[in-house]
Amino acid sequence: MIMKHNFNAGPSILPQQAIDATIDALRDFNNSGLSIAEISHRSAGWDEAMDECSVLWKDLLSIPDGYEVLFLHGGASQQFLMAPYNLLQTRAAYLDTGVWATKAIEAARYYGEVQVIASGKDSNYSVIPEYAIPADVDYFHFTSNNTIFGTEILADPDSPVNMVSDMSSDILSRPVNVSRYAMIYGGAQKNAGTAGLAFVIIKKDILGKVSRDIPKFFDYRTHIKDKSMYNTPPVIPIFMMKETLKWLKGIGGVAEINRRNQAKADCLYGEIDRNPVFRGTAAVKNRSRMNVCFVLDEKYAGKENDFMELTKKYGITGIKGHRSVGGFRASLYNALPLTSVEVLVDCMKEFEKMV
Ligand SMILES: *Cc1c(COP(=O)(O)O)cnc(C)c1O
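Everything numeric in this text was worked out from a predicted model, so none of it was measured.

### Comments concerning the pairing of strand E8 (residues 163-166)
Burial along E8 is two-sided: Met-163 and Ser-165 facing one way and Val-164 and Asp-166 facing the other are all buried. In this sheet, E8 lies alongside strand E5 (residues 140-143) in parallel orientation, the contact comprising 4 bridges. Looking at the pairing, Thr-143 lines up with Asp-166 of E8. Of the pairings in the sheet, the one linking E8 to strand E9 (residues 183-187) comprises 3 bridges and is parallel in character.

### Considering the domain arrangement of the protein chain
By a widely used convention, the size of an interface equals the accessible area lost when the partners come together. With domains assigned, the protein chain is organised as domain 1 (16-250) and domain 2 (253-354). Computed from C-alpha atoms alone, the centre-to-centre distance between domain 1 and domain 2 is 27 Å. Counting residues at the interface gives 27 residues for domain 1 and 24 residues for domain 2. Roughly 2000 Å² is buried in total at the junction of domain 1 and domain 2, and carbon and sulfur atoms are behind 56% of that figure. Sorting the residues of domain 1 by area buried against domain 2 places Ile-148, Ser-173 and Trp-247 first, and these three jointly supply 22% of that buried surface.

### Let's talk about the pattern of salt bridges
Pairing is possible between side chains of opposite charge, provided their charged atoms come close. One pass over the structure, following the stated rule, counts 19 salt bridges. As a salt-bridge pair, Glu-68 and Lys-58 come within 3.5 Å of each other at their nearest N and O atoms. With Glu-68 in strand E2 (residues 67-72) and Lys-58 in helix H2 (residues 46-60), this residue pair connects regions lying 10 residues apart in the sequence. Take Glu-68: its relative accessible area is 18%, and that puts it in the buried class. Its salt-bridge partner being Glu-243, residue Lys-242 comes within 2.8 Å of it at the nearest N-O pair. The same class applies to Lys-242 as to Glu-243, namely buried.

### A closer look at the side chain of Ser-12
Structurally, the position occupied by Ser-12 is in the loop between strand E1 (5-6) and helix H1 (16-27). Only 3.2 Å separates the side chain of Ser-12 from the backbone oxygen of Gln-189, close enough to count as a polar contact. Setting aside anything within four residues of it in sequence, one finds Ser-12 in contact with Asn-6, Gln-189, Lys-190 and Tyr-333.

### Remarks on the packing of aromatic side chains
Following the criterion strictly, the structure yields 20 aromatic pairs and no others. Measuring from centroid to centroid gives 4.8 Å for Tyr-85 and Tyr-111, while their planes differ by 35°, and the two rings are tilted. Of this pair, Tyr-85 sits in helix H3 (residues 75-87) while Tyr-111 sits in the loop between helix H4 (99-108) and strand E4 (113-119), and the two are 26 residues apart along the sequence. Each member of the pair, Tyr-85 as well as Tyr-111, carries the same accessibility label: buried. A network of ring pairs unites the aromatic residues Tyr-85, Tyr-111, Phe-217, Phe-218 and Tyr-230 as a single cluster.

### Here we look at the nonpolar core
If you look at the biggest cluster of nonpolar residues, it comprises 51 residues, and the most contacted ones within it are Trp-46, Trp-57 and Met-241. In this structure, Leu-72, Ala-83, Ala-108 and Val-164 belong to the second largest nonpolar core, which totals 30 residues.

### Considerations on the side chain of His-5
Within the secondary structure, His-5 is located in strand E1. Under the relative-accessibility criterion, His-5 is labelled buried at 17%. Within the structure, His-5 has its side chain in polar contact with the side chain of Ser-340 (distance 2.7 Å). Setting aside its immediate chain neighbours within four residues, His-5 contacts Tyr-314, Gly-315, Ile-316, Thr-317, Ser-340 and Val-343.

### So, the sheet that holds strand E12 (residues 291-296)
Remark on secondary structure: sheet strands pair via backbone hydrogen bonds, oriented parallel or antiparallel. Read across the open sheet, the 3 strands follow the order E11-E12-E14; overall the sheet is antiparallel. Edge positions in the open sheet fall to strand E11 (278-280) and strand E14 (328-331), since each of these has one partner strand only. Adjacent strand axes in the sheet meet at a mean angle of 35°, parallel and antiparallel pairs treated alike. Across 4 bridges, the pairing between E12 and E14 is antiparallel. Note on E14: the bridge partner recorded for Val-292 is Ala-330.

Parameters at a glance
- Residues numbered from 1 in each chain as written.
- Predicted model: local features only at pLDDT ≥ 70, side-chain atom pairs only at ≥ 80, totals over all residues.
- Heavy atoms only, no water.
- Buried < 20%, exposed > 50% of the residue type's maximum accessible area, 1.4 Å probe, protein only.
- Helix = DSSP H or I, 4+ residues; strand = E, 2+ residues; numbered from the N terminus.
- Pairing = 2+ DSSP bridges.
- Domains from an automatic or database assignment.
- Contact = heavy atoms within 4.5 Å.
- Buried area = accessible area lost by both parts, 1.4 Å probe.
- Salt bridge = Lys/Arg side-chain N within 4 Å of Asp/Glu carboxyl O.
- Polar contact = N/O pair within 3.5 Å; in protein donor to acceptor, adjacent residues only side chain to side chain.
- Phe/Tyr/Trp six-rings, centres within 6.5 Å; stacked < 30°, edge-to-face > 60°.
- Core = buried A, V, L, I, M, F, W, Y, C linked by side-chain atoms within 4.5 Å.
- Axes fitted to C-alpha atoms, helices over the stretch in contact; angles between N-to-C directions.

Written out as structure tokens, the structure is:
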């Protein structure tokens with residue numbers, strides 16, 4: 001097997017320890033003699049696995065009392081609908097910082113008025129626009145990390161109203177002050193595990209305030225009451241999430257991963273800024289630590305494929321930029337080691353000599 005340096009944007013690199021534990025569970029879950037793919041979620045050992053996953057979330061992010069962690073189907077995209085379904089009575093404020101923010105806005109419009117308080121669209125989302133959160137809305141929604149454009153809001157905003165954040169692509173990459181939020185959600189397939197699952201961290205007392213009838217399945221209270229087992233949960237992705245969180249705890253939790261993520265981002269942005277062949281696309285003050293977007297300087301236009309060819313020689317995979325931005329995107333999620341970033345930097349240095 002060729003060792004790959006996996007810079008995929010999501011689904012993305014996972015800790016080997018989590019993959020190995022899942023392989024073991026696929027052969028034999030909890031010494032039952034049965035594969036995790038074959039068991040009922042009512043089987044012995046499953047409740048404990050689910051509880052452990054929930055406890056790990058609470059522990060890693062110091063989630064205060066009064067919040068619940070849910071594991072739901074449908075990815076982050078379903079949460080674009082479920083959040084306004086449960087929380088939007090009249091009007092909500094949304095910050096438009098990219099493709100995913102736009103999708104969340106489109107979804108919320110089915111349930112009420114959406115006030116887009118600022119948009120980065122004019123800059124092709126290379127900048128997080130200045131914004132002020134109004135006090136007369138049901139909630140404020142923002143995307144903490146813009147996976148496609150490589151910008152990130154690193155500090156928890158201070159909001160006069162309930163704050164909801166899509167943290168799909170930077171959750172667990174740094175400490176978060178959960179008490180500032182009414183809800184944090186995301187798809188699992190970046191830092192928290194594999195696809196097929198969304199995590200939802202929700203403050204219980206914000207629910208039950210809207211006047212519409214909510215079908216049971218789309219009501220967060222149903223999933224709180226049934227501990228995310230109102231219907232059959234995706235046990236394999238949940239197991240993998242648990243093992244991914246266990247790995248994170250084992251290496252020292254979010255404080256340690258925060259340090260490592262900063263070192264990885266410094267290493268790559270340092271090279272982008274030094275190397276005259278490359279140029280970063282996001283505003284320096286808004287640079288994402290998770291998704292590093294860059295292009296070739298105009299002088300080297302047309303040589304993109306040459307660089308892609310060279311990256312293959314280094315075992316680098318997954319750095320082609322999203323089609324809406326072009327160029328390259330290196331995703332530096334939690335499980336990616338600094339050594340992979342150093343290999344990419346070596347490759348960029350060789351390319352500088354070649355062109
Ligand atoms: C990947 C991603 C999504 C989409 O997640 P799905 O689980 O595929 O619905 C939403 N928001 C952000 C910020 C993402 O990075």
